[in-house]
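# Examining the three-dimensional arrangement
What follows is each chain in one-letter form.
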Amino acid sequence: MISSVLIGRGSERASIDAAYQRARRGGAVTVLVSGEAGIGKSRLVTTATADLPGEPLLLAGGCLEVGANAAPYVPFVAILRDLVRQLGRAGVDALLPLDGSALAAWLPGLTPAPAGRTRLLEELLTLVSRAAARRPVVLVVEDLHWADASSREVFVYLARNLTDRPVLLLATVPGELASGHPGRQVLAELGRRGDVVRVDLPPLGRPHVAELLAAIGGRTPDPVRSSLIHRRSGGNPLFVEALHATEDFEGNLRTLLLDRVAALPAQAQSLLPVIAVAGTTVSEEQLLTVGELPEVDLHSALRTLVDHEQLVVRDDGYAIRHDLIREAVYKALLPHDDRRRLHRRYARTVADPAALAEHWTAAGEPALALPAALLAADLARQQYAYDEELNLLERALDLWPRVPGAEQLTRTDQVSVHERATAASFSAGNSAAGMAHGTAAIAGLDPTAEPVRVARLLELRGRLRNRIDSGGRADVEAAVALVPRGVADDVRGELLAALAFVAAIDAISAPAGAPRPRHCGWGAVGDPPCWHLDTPKTRMATSSARPSFTCKAAKRPKPRVTTTRTSPACNGRRPRWVWPATSRRWPSWRGPVSGPRSGSARVAHEEACWPHAGPGPWHSLVGGTRPSRWRKRRSPMIRHLCTPPH
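What this report covers is the structure whose coordinates are included nearby. Note that the structure is a prediction, hence the values are computed from the model and not measured. (Residues numbered from 1 in each chain as written. Predicted model: local features only at pLDDT ≥ 70, side-chain atom pairs only at ≥ 80, totals over all residues. Heavy atoms only, no water.)

Another point: the overall build of the protein chain. Helix and strand counts for the protein chain stand at 28 helices and nine strands. Taken over 646 residues, the protein chain has a buried fraction of 52%. Counted over contacts in the protein chain with a minimum sequence separation of 6, partners at least 24 positions apart contribute 66%. Approximately 29,100 Å² of the protein chain is accessible, and the part contributed by carbon and sulfur atoms is 52%. (Helix = DSSP H or I, 4+ residues; strand = E, 2+ residues; numbered from the N terminus. Buried < 20%, exposed > 50% of the residue type's maximum accessible area, 1.4 Å probe, protein only. Contact = heavy atoms within 4.5 Å. Areas by Shrake-Rupley, 256 points an atom, 1.4 Å probe, with all protein chains shown as cover.)

Shown next, in the form of structure tokens:
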């Protein structure tokens, strides 16, 4: 038996009620409900949100422990579908953009729109904001610590930006997370915000344990027995309920959870491990396919498990009531061969590639798991879920040696997977993993046969290294050397821009007194752009690139240089351009769109503007845009690049 009454949580419930009232007055509030497993976080959230005034729009989604790093946006996909159930498809479509949606991958039937992660986040923010304009919204995310990285980013983004809307964000998290757990950073970031309320659930005291036992048993418990249960359970409500049904107070608490399963009828006992293997909500159709019970016996077993509080009924199927029970059943009641058999059966009933990869891997079928993992990685990238893409690519690389003929099976090679993982690491901000994958990819390529491909990897590895310790310049210089002029000028332009950026960071990060390099094969760091394009070199460079360009500043007086206060980045001096009164503007370029943006024309244009046959770092960094757009807001890095060497 379990109690439907919330006991001993009056102050915690009042905190949630107060946060909701603050949100109703026009300011979003985030509440984190924390506590150990089984302490009653979900019960508190369910009870507190059921009685909120004002008829709020309650939207809930949960995170999965199984496959947490594979399928992206799991809780928010569930929230969106919950929104469709409550408002109807037409009501949700009215809240989305008319020209297509970045959420098309979440909700079949929507017109996809070319987008990036920024549009996806903004669109989801707009969707919640528009829904909140009609009535208060309560968003519940269960087990945020199990969320994939993209879902954690969405949660933090909403918490930051839903500032003036009547929205209550509720999430359940554990009391403590292991060192290195990715959820620690999210909780630390949220904890620094003044609009985040932390509700910590302590263990139940002895009077509350006695009250819970009375609610379960329907009568006042024996005081001695109540004290023993309180001591043995540590005040954890889940263990209090397990101990209530036994006389063995000295056994392992997880064993006590299994003892309750052992008291079930045989059909219910055999069905519970089948549901545990799914790892998530499972439908009756799946259970008929995976399990071995006839339909009539299946319905009877499901009813028994629900009546004995082992299962909970959800909109899309059945789930084991608590993850502690699921974990105990999965590990203790299923022999290894039976687990593999059930995972193999589940793999034949699911369509999601990430779930397929999970089940085929657990079933010991690497040849089937490998293509599923690569397909899931493709889908994750399409949804801008770069952390999940990286996890899936790394799973594919782990499976690769165990699959004979992997290249023929996947129509790709291991080097290409490392190459994709390098790009995914860069997008996800995982620099250490990206450098490892980039090194592995470069080791498998011949720079003489594929110079452009190797150059791109070297440039990416250099930028990843630059994020770690401001280094990486040697890699990017090697990349530029692999792509000479006339080979792939568009790629060369991108490499030169990357080199300018890395060199700038290198110069800024140099210790005080360190010598500044004057030449690096593409121009001196800090050399100013030439103020005249009417030179032999300019005419030669622009003669092969149409249209030609002329400099408005060609007839303007050159600036003189003075030095002001000291700066370690400038070797103890900070140069400054002092413009004569007749000219206060940066030079701008005549030509279509202020200069070519790709190809040989861009390279010729950039190299013509710099005295050492290389593109100007300030011009490359802004990708060919007009300098006048940013002349008043130059960063210290750009200002440093545009000053002459000492």
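Our next topic: the side chain of Thr-30. Secondary-structure assignment places Thr-30 in strand β1 (residues 29-34). Among all residues touching Thr-30, those that are not within four sequence positions of it are Phe-155, Ala-159, Leu-169, Asp-195, Val-196 and Val-197.

We now examine the pairing of strand β2 (residues 57-62). In regular strands, side chains alternate between the two faces of the sheet. Every second residue of β2 is oriented toward a common face, the buried set being Leu-57, Leu-59 and Gly-61 and the non-buried set Leu-58, Ala-60 and Gly-62. In terms of strand pairing, β2 meets strand β3 (residues 137-142) through six bridges, oriented parallel. Directly across from Ala-60, in β3, lies its bridge partner Val-140. (Pairing = 2+ DSSP bridges.)

Among the nonpolar cores identified, the biggest contains 82 residues, and Phe-76, Leu-103, Trp-106 and Phe-155 are the most heavily contacted of them. Aside from chain neighbours lying at most four places away, what touches Trp-106 is Tyr-73, Phe-76, Val-77, Leu-80, Arg-81, Leu-120, Leu-124 and Gln-383. Of all hydrophobic cores here, the second largest spans 44 residues; its members include Leu-256, Ala-276, Leu-311 and Ile-325. (Core = buried A, V, L, I, M, F, W, Y, C linked by side-chain atoms within 4.5 Å.)

Ordered by their spatial adjacency, five strands build an open sheet running β2-β3-β4-β1-β5, and the pairing between neighbours is parallel. Each edge of the open sheet carries a strand with a single partner, namely β2 and β5 (196-200). On average, adjacent strands in this sheet sit at an angle of 15° to one another, irrespective of strand direction. In the packing of helix α3 (residues 74-93) onto the sheet, contacts are made with β2 and β3, and the angle to β2 comes to roughly 145°. (Axes fitted to C-alpha atoms, helices over the stretch in contact; angles between N-to-C directions.)

Glycine aside, negative phi is the norm for most residues, and most peptide bonds take the trans geometry. Although it is not a glycine, Glu-55 adopts a positive phi angle of roughly 50°. Take Glu-55: it is sitting in the loop between α2 (41-50) and β2. Of the residues examined, Glu-55 reaches a relative accessible area of 63% and is grouped as exposed. Here Arg-411, not a glycine, exhibits a phi torsion of approximately 60°, which is positive. Along the chain, Arg-411 turns up in the loop between α19 (406-410) and α20 (414-428). For Arg-411, a relative accessible area of 80% gives the class exposed.

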